[in-house]
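Examining the three-dimensional arrangement
Spelled out, the chains give:
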Amino acid sequence: MNGAVHGALSAADLSVRIGSLELAHPTLMGSGCYGSGEEYAPFIDLAQIGGIVLKSVTRWPRLGNDPPRLVNVPSGLLNAIGLQNPGIDAYLASDVAKFADRPCAVIGSVAGFSVDDYAYVTERLAARDEIDAIELNISCPNVGSEGETFACDRLAQAATRAARSVTGKTLIVKLSPNVTDIAAIAAVVEGAGADALAVINTVRGMAIDVDAQRPRLANATGGLSGAAIRPIAVLAVFEVARAVHIPIIGQGGIETARDALEFILAGASCVCIGTGNFTDPRVPLNVVEGIGDYLAEHGCAQLGDIVGAANPGFVGVRT
């Protein structure tokens, strides 16, 4: 890369504000796909990403689903982990302190099976200084009917209000694509106090072993991630960006800078990378570099100049 392009790249402002959270780079790492960051530190400088979304934690310990829990499929990955985690007590006692030295934002992820669960876990997790923001996972498709119940409008609203009432930290609500009208639910969640929306979680799917004549996942169904769901995710961002005035974090199948730019042009303020990290740990760095190049080529001084540029109905983010 020549010096002129480097200069243009460094001049472009790639920072993003999500609620009260300031990200130096427009790249978050997806919950469950990046551990706590230390697993990837040997491969990339964590100061060059925006932040890490930690694996979801629940009120009580969960063993998760029986194996097999991961299946490779064309252009994607099916997972049915089932929210395996040690529960909030053990998590706070053993895990959270080590996040203090991360050179990027650390976002805790909360899952639950009642409205009270969301309030209880959010309050305890958000109280820790190591946690910069909270993601509310109301849309896990891998724990039976109990998991995605909260993705519907009434319970999404209740869970968001409950979490909002116990913390002033940035609250990001992760929405499910497995609903009738994601834009309507997004608007309800915005009204309930969310600072931002993560769009989308995985898409429900299944793979069958034709020789054994049974599902390849022990849970039968799982959540599909990877490049296969990117067009679904981009459409969801496009629609949600017409319905809300809070930042959107676009996610689903991002592997290159051009993938990320699709989400940003549709209306996302930043992106979250999940499965792509499994095949190439440098994807986040390539995405940031590519976005910088794109801004330079189009004479843009900041990332916000292109957010929603391909979406005529984009309503904009309130500042």
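Our subject is the structure listed above.
In this report, the structure presented in the accompanying data block is examined.

Criteria and thresholds
- Residues numbered from 1 in each chain as written.
- Predicted model: local features only at pLDDT ≥ 70, side-chain atom pairs only at ≥ 80, totals over all residues.
- Heavy atoms only, no water.
- Helix = DSSP H or I, 4+ residues; strand = E, 2+ residues; numbered from the N terminus.
- Buried < 20%, exposed > 50% of the residue type's maximum accessible area, 1.4 Å probe, protein only.
- Contact = heavy atoms within 4.5 Å.
- Pairing = 2+ DSSP bridges.
- Axes fitted to C-alpha atoms, helices over the stretch in contact; angles between N-to-C directions.
- Parallel < 35°, antiparallel > 145°, perpendicular 65-115°, else oblique.
- Left-handed = near helix turned anticlockwise from the far one by under 90°.
- Disulfide = S-S within 2.5 Å.
- Phe/Tyr/Trp six-rings, centres within 6.5 Å; stacked < 30°, edge-to-face > 60°.
- Lys NZ or Arg CZ within 6 Å of the ring centre and 35° of its normal.
- Salt bridge = Lys/Arg side-chain N within 4 Å of Asp/Glu carboxyl O.
- Arc of directions from axis to C-beta.
- Expected span 1.5 Å × (residues − 1).

Observations regarding the side chain of Thr-275
Mapping Thr-275 onto the fold places it in the loop between β16 (270-273) and α9 (276-279). Relative accessible area serves as the criterion here: at 18%, Thr-275 is assigned to the buried category. Among residues more than four places away in sequence, those in contact with Thr-275 are Cys-33, Leu-77, Ser-225 and Gly-226.

Structural notes on the pairing of strand β10 (residues 196-199)
Both faces of β10 are covered, namely the face carrying Ala-196 and Ala-198 and the face carrying Leu-197 and Val-199. As paired elements, strand β9 (residues 170-174) and β10 share three bridges and run parallel to each other. Residue Val-173 lies in a different strand from β10, and its bridge partner there is Leu-197. Of the pairings in the sheet, the one linking β10 to strand β15 (residues 248-251) comprises three bridges and is parallel in character. The residue bridging Val-199 from the neighbouring strand is Gly-250, located in β15.

Regarding the packing of helix α3 (residues 115-126) against helix α5 (residues 153-164)
Relative to each other, α3 and α5 sit at 30°, their axes nearing to 8 Å. If you check the angle between α3 and α5, you find them roughly parallel. Note on packing geometry: the crossing formed by α3 with α5 is right-handed. For the pair α3 and α5, the contacting residues are Val-115, Tyr-118, Ala-119 and Thr-122 in the first and Leu-155, Ala-158, Ala-159, Ala-162 and Ala-163 in the second.

Observations regarding the state of the cysteines
For the coordinates displayed, the defined rule picks out zero disulfides. The structure places no disulfide on Cys-33, whose sulfur is separated from the nearest cysteine sulfur, that of Cys-272, by 7.9 Å. The closest cysteine sulfur to the non-disulfide-bonded Cys-104 is located on Cys-272, 12 Å from its own sulfur.

Quick notes on the packing of aromatic side chains
Going through the model one piece at a time under the given rule, you end up with three aromatic pairs. The aromatic ring of Tyr-120 is capped on one face by Arg-59, whose charged end is 4.0 Å from the ring centroid.

Description of the packing of helix α8 (residues 257-266) against helix α10 (residues 283-297)
α10 packs onto α8 with a crossing angle of 65° between their chain directions and a minimal axis gap of 8 Å. The chirality of how α8 crosses α10 is right-handed. Across the interface between the two elements, Ala-257, Ala-260, Leu-261, Ile-264 and Leu-265 from α8 touch Asn-286, Val-287, Gly-290, Ile-291 and Tyr-294 from α10.

As for the pattern of salt bridges
Per the counting criterion, the structure on display carries ten salt bridges. Between Arg-17 and Glu-22 there is a salt bridge whose closest N-O contact spans 2.5 Å.

Comments concerning helix α7 (residues 230-240)
Along α7, the residues classified as buried are Arg-230, Ala-233, Val-234, Ala-236, Val-237 and Val-240. Seen from one end, α7 has its buried residues packed into an arc of 160°, which puts them on one side. For α7, the secondary structure elements touched by its buried residues are α6 (182-191), β10, β15 and α8.

Quick word on α5
Here α5 is twelve residues long and its end C-alpha atoms lie 16 Å apart, about the 16 Å a rise of 1.5 Å per residue gives. Among the residues making up α5, those that are buried are Leu-155, Ala-156, Ala-159, Thr-160, Ala-162 and Ala-163. In a view along the axis of α5, the buried residues occupy a sector of 160°, so they form one face of it. Buried residues in α5 make contact with α3, β8 (133-137), β9 and α6.

A few points about the environment of Gly-51
Within the secondary structure, Gly-51 sits in strand β4 (residues 51-53). Considering only alpha carbons, one finds Gly-51 and Glu-289, 238 residues apart in sequence, at a separation of 16 Å. The contact partners of Gly-51, leaving out residues within four places of it in the chain, are Thr-27, Leu-28, Met-29, Cys-104 and Ala-105.

Interpretation in functional terms is not warranted from these geometric data alone.
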